[in-house]
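Residues per chain, in single letters:
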Amino acid sequence: MGHKPFVTDMQTIRKRAREHIADGAITSSYKGDRKKIIEILNEALATEIVCVLRYKYHYYMASGIHAKSVAAEFLEHANEEQRHADQIAERITQLDGEPNLSPEGLLTRSHADFVKGDDLVDMIKENLVAERIAISTYSEIIQYIGNDDPTTRRMLEDILAMEEEHAEDMATLLEQLGKDGEPAKPD
């Protein structure tokens with residue numbers, strides 16, 4: 001078995017780095033469709049912003065005997081969704097794109113809906129639905145990106161893991177409260 005060097009021509013790599021300095025982080029090794037990935041990331045950004053707003057609304061509007069602990073969970077998730085939005089916006093700028101933070105058309109760009117919910121159980125259900133949507137769409141985006149943009153893929157894999165945790169949190173809350181909003185009775 002022959003030994004193949006990792007880098008064969010450092011002079012060429014150095015020369016390309018200087019010639020294309022205006023491209024910032026985008027080098028010839030980047031294989032993704034940058035324009036399409038920026039478009040997809042802007043949809044993900046809109047989704048995260050809608051999720052922040054929904055969780056914040058639910059945090060402030062939660063009421064009832066179990067509201068305090070559930071509201072705390074909503075606030076924690078809102079803050080985590082905001083971190084996701086920040087990560088995505090940063091990645092868009094690294095790809096020499098512009099994060100679309102305009103409120104105009106936000107819901108049409110978002111994968112998730114903004115649903116108020118009639119009561120605490122409805123709020124939990126709506127958040128669980130949104131998390132399930134995020135899990136499905138992030139999984140598809142990760143498959144689409146594949147190895148063409150490993151940095152974006154890794155970022156989205158981390159976000160996906162957090163969305164799965166959020167879904168599990170909402171499912172657990174729903175189970176604890178039962179369908180009617182009352183704590184589930186032990187068997």
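Residues numbered from 1 in each chain as written. Predicted model: local features only at pLDDT ≥ 70, side-chain atom pairs only at ≥ 80, totals over all residues. Heavy atoms only, no water.

A. Up close: the overall build of the protein chain. Looking only at helices and strands, the protein chain features 6 helices and 0 strands. Order of helices (α) and strands (β) in the protein chain, N terminus to C terminus: α-α-α-α-α-α. Here the analysis covers contacts within the protein chain between residues at least 6 apart in sequence; of these, 78% occur between residues at least 24 apart. Carbon and sulfur atoms make up 52% of the accessible area of the protein chain, which amounts to about 11700 Å² in all. (Helix = DSSP H or I, 4+ residues; strand = E, 2+ residues; numbered from the N terminus. Contact = heavy atoms within 4.5 Å. Areas by Shrake-Rupley, 256 points an atom, 1.4 Å probe, with all protein chains shown as cover.)

B. Structural context of helix H6 (residues 150-177). With 28 residues, H6 ought to run about 40 Å at 1.5 Å a step, and its terminal C-alpha atoms sit 40 Å apart, in line with that. Remark: glycine 178 follows H6 within two positions and exhibits a positive phi of approximately 75°. (Expected span 1.5 Å × (residues − 1).)

C. Spatial organisation of the environment of alanine 67. Note on placement: alanine 67 falls in helix H3 (residues 67-94). Alanine 67 sits in the buried class, given a relative accessible area of 7%. Residues alanine 67 and aspartate 119 lie 52 residues apart in sequence; the distance between their C-alpha atoms is 10.0 Å. In contact with alanine 67, other than residues within four places in its own chain, are Ala62 and Leu120. (Buried < 20%, exposed > 50% of the residue type's maximum accessible area, 1.4 Å probe, protein only.)

D. Quick peek at the pattern of salt bridges. Tallied over the full model, the rule gives 3 salt bridges. Here lysine 36 and glutamate 39 are joined by a salt bridge, their closest N and O atoms 3.2 Å apart. Residue lysine 36 and its partner glutamate 39 are located together in helix H2 (residues 34-61), separated by 3 residues, close to a single helical turn. Classification of lysine 36 by relative accessible area gives partly exposed; the value is 31%. (Salt bridge = Lys/Arg side-chain N within 4 Å of Asp/Glu carboxyl O.)

E. Expanded view of the side chain of histidine 166. Looking at the secondary structure, you find histidine 166 in helix H6. At a separation of 2.5 Å, a polar atom in the side chain of histidine 166 contacts the side chain of glutamate 80. Excluding its chain neighbours within four sequence positions, the residues that come into contact with histidine 166 are Tyr55, His77, Glu80, Glu81, His84 and Glu131. (Polar contact = N/O pair within 3.5 Å; in protein donor to acceptor, adjacent residues only side chain to side chain.)

F. Inspection of the packing of aromatic side chains at higher detail. Using the criterion set out here, one finds 3 aromatic pairs in the structure. With centroids separated by 5.8 Å and ring planes inclined at 65°, the aromatic side chains of tyrosine 57 and phenylalanine 114 adopt a geometry described as edge-to-face. Taken as a pair, tyrosine 57 in helix H2 and phenylalanine 114 in the loop between helix H4 (106-109) and helix H5 (120-145) lie far apart in primary sequence, 57 residues in all. Judged by relative accessible area, phenylalanine 114 falls into the partly exposed class, the value being 31%. Each ring, one from tyrosine 59 and one from tyrosine 60, has its centre 4.8 Å from the other, and the planes form 70°; the classification is edge-to-face. Taking relative accessible area as the criterion, tyrosine 60 reaches 59% and is therefore assigned exposed. (Phe/Tyr/Trp six-rings, centres within 6.5 Å; stacked < 30°, edge-to-face > 60°.)

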